[in-house]
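Analysis of the macromolecular model
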Amino acid sequence: MRGRGIHYDTGMHVLGKHTGPSFDPLVVEREIRVIAEDLHCNAIRVIGDDPDRIDVAARYAAAAGLQVWYSPFPCEMTNEQMLPYFTDCAERAERLRLDGADVILVTGCELSLFARGYLPGDTFAARIPVLAGPDRESALQGIPDRVNAFLGEVVDAVRPVFGGPVTYASNPLDGVDWSPFDIVGLDAFRGLRNAATYRDDLRREFAHGKPVAILEVGCCTFRGAGDYGGAGWYVAMEPDGVTLKSDLVRDEGEQVRYMDDLMPVFEEEGVDSVFWFSFADGRAPHRPDSGPDLDMASYSIVKLLDEDHGLPAPSRAYPDMRWEPKEAFHALAGHYEALAAPGTVPPVAK
């Protein structure tokens, strides 16, 4: 495996909340050094809906020697709004690349779900139930054609201003035509619904003759979360989308078992790069003693502390941060250290 990566969120508006209400460049720089040095990553997927924030994190990542997968993540935008947005981000990514960074541009994520105009519903929260409802099949009709038509416009717009490789973070609903892209980009969550075919589904993606990157994979932090993969957060919440279900059992080992199952699959099948989802979740504090432990519905490999974190604590691994590693942090570090080789990350294969 060439790219050992992590998904790093700089903040976006989704489900009525902002995933990164605070953005301190000094904290970002520190976290990225942890990612490079302690997690043994050589690549990072920097996402968010604010290009200025992406720029800050991407430059710190480049300074730390990481390959930057520059990933603007619009939510609730229309195609008309997204096209100039992606072009602006491509210009920013090119400036970073010309400054000497190794940059790959990711032109959005799962547009069929996160953008307006593909599934019924004006918000992501309204669109998700459609997938489990009686009108699912009719709602999905024509989505691949519309997604591909727009992605063709996006690639045509960004190629003249960005000179590096281009990809897209897809889900199966998108039905992406990969011919305009340099890399096949998959959000490849495994759950019970696709466990039996997961390896074969992944193997088919190599038929395009291009490197295959796993841009998101992971599970939540409650017992049994691996059975739900990318839907774990939805399963963990009551129908109001805000209240955590009371019968969940915290299990950090669930993430580790999921990781230990899938990492060998990615290595054996020749996946180019993997970006574990995700480093931190700014909306989901860990409350071990009081209140709902929202971290159970989080995919992050660190737990956000819901207490004063400013004082040094001998028992803390990172007393200067407002988070502590989960078991998955150490497991991922172990996997990546075993895969690490001397030198910088080689360029993406073509």
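Residues numbered from 1 in each chain as written. Predicted model: local features only at pLDDT ≥ 70, side-chain atom pairs only at ≥ 80, totals over all residues. Heavy atoms only, no water.

1. Regarding the packing of aromatic side chains
The description of an aromatic ring pair rests on the distance of the ring centres and on the angle between the ring planes. Under the defined criterion, the tally for this structure stands at 15 aromatic pairs. Taking the centre distance of 4.5 Å and the plane angle of 10° together, the rings of F114 and F124 count as stacked. Within this pair, whereas F114 is found in helix α4 (residues 111-114), its partner F124 is found in helix α5 (residues 124-127), the two being separated by ten residues in sequence. A single burial state applies to F114 and to F124, both of which are buried. Here the aromatic rings of F279 and W323 are separated by 5.3 Å at their centres, their planes lie at 85°, and the arrangement is edge-to-face. Residue F279 is found in the loop between β10 (273-276) and β11 (285-286), and its partner W323 is found in strand β13 (residues 323-325); the two are separated by 44 residues along the sequence. When its relative accessible area of 1% is taken as the criterion, W323 is described as buried. (Phe/Tyr/Trp six-rings, centres within 6.5 Å; stacked < 30°, edge-to-face > 60°. Helix = DSSP H or I, 4+ residues; strand = E, 2+ residues; numbered from the N terminus. Buried < 20%, exposed > 50% of the residue type's maximum accessible area, 1.4 Å probe, protein only.)

2. With respect to the layout of surface pockets
Space inside the second largest pocket adds up to approximately 540 Å³. Together, 25 residues line the second largest pocket, and S22, V27, E31, G282 and R322 are the ones closest to its centre. For the lining of the second largest pocket, the secondary-structure elements that each account for two or more residues are β1 (3-9), α1 (25-37) and β12 (302-305). Looking at the lining of the second largest pocket, its residues break down into eleven nonpolar, seven polar and seven charged. (1 Å grid on protein atoms, 1.4 Å probe; cavity = no way out; pocket = protein on both sides within 12 Å on 5 of 7 lines; lining within 4 Å. Points joined across faces, edges and corners; volume = space filled by probe spheres on them. Nonpolar A, V, L, I, M, F, W, Y, C, P; charged D, E, K, R; others polar.)

3. As for the packing of helix α2 (residues 51-63) against helix α3 (residues 79-98)
Interaxial distance between α2 and α3 falls to 11 Å at its minimum, and their mutual angle equals 25°. Considered as vectors, α2 and α3 are oriented roughly parallel to each other. Seen along the crossing, α2 lies across α3 with a hand that is right-handed. Counted together, P51, D52, D55, A58, R59 and A62 of α2 and Y85, D88, C89, R92, R95 and L96 of α3 form the full contact between these two elements. Tallied by class, the residues present in the contact of α2 with α3 amount to six nonpolar, no polar and six charged. (Axes fitted to C-alpha atoms, helices over the stretch in contact; angles between N-to-C directions. Parallel < 35°, antiparallel > 145°, perpendicular 65-115°, else oblique. Left-handed = near helix turned anticlockwise from the far one by under 90°. Contact = heavy atoms within 4.5 Å.)

4. Observations concerning helix α11 (residues 327-339)
Every α-helical turn comprises 3.6 residues, leaving residues that sit three or four positions apart pointing alike. Its 13 residues give α11 an end-to-end C-alpha distance of 19 Å, which sits within 8% of 18 Å, the value for a rise of 1.5 Å per residue. Inspection of α11 places A328, F329, A331, L332, A333, H335 and Y336 among the buried residues, and these make up the whole buried set. In this structure, the buried residues of α11 make contact with β1, α1, α10 (252-269), β10, β12 and β13. (Expected span 1.5 Å × (residues − 1).)

5. Comments concerning the sheet that holds β11
Spatially, the three strands line up as an open sheet ordered β11-β12-β13, and their pairing is mixed. Either end of the sheet is taken by a strand with one partner, and the two such strands are β11 and β13. Bridge count between β12 and β13: three bridges; the pairing is antiparallel. In the sheet register, V302 faces β13, and the bridge partner there is P325. (Pairing = 2+ DSSP bridges.)

6. Quick word on helix α7 (residues 143-158)
Between the first and last C-alpha of α7 there are 22 Å, a value that for 16 residues agrees with the 22 Å anticipated at 1.5 Å per step. Within α7 the residues assigned to the buried category are I143, V147, F150, L151, V154, V155 and V158. Looking straight down α7, one finds that the buried residues subtend no more than 145° of arc, so they occupy a single side. Among the exposed residues of α7, those pointing more than 90 degrees away from its buried face are D145 and D156. Residues of α7 that are buried make contact with α3, β6 (103-109), α4, α6 (136-140) and β7 (166-169). (Arc of directions from axis to C-beta.)

Just distances and angles here, no functional claims.
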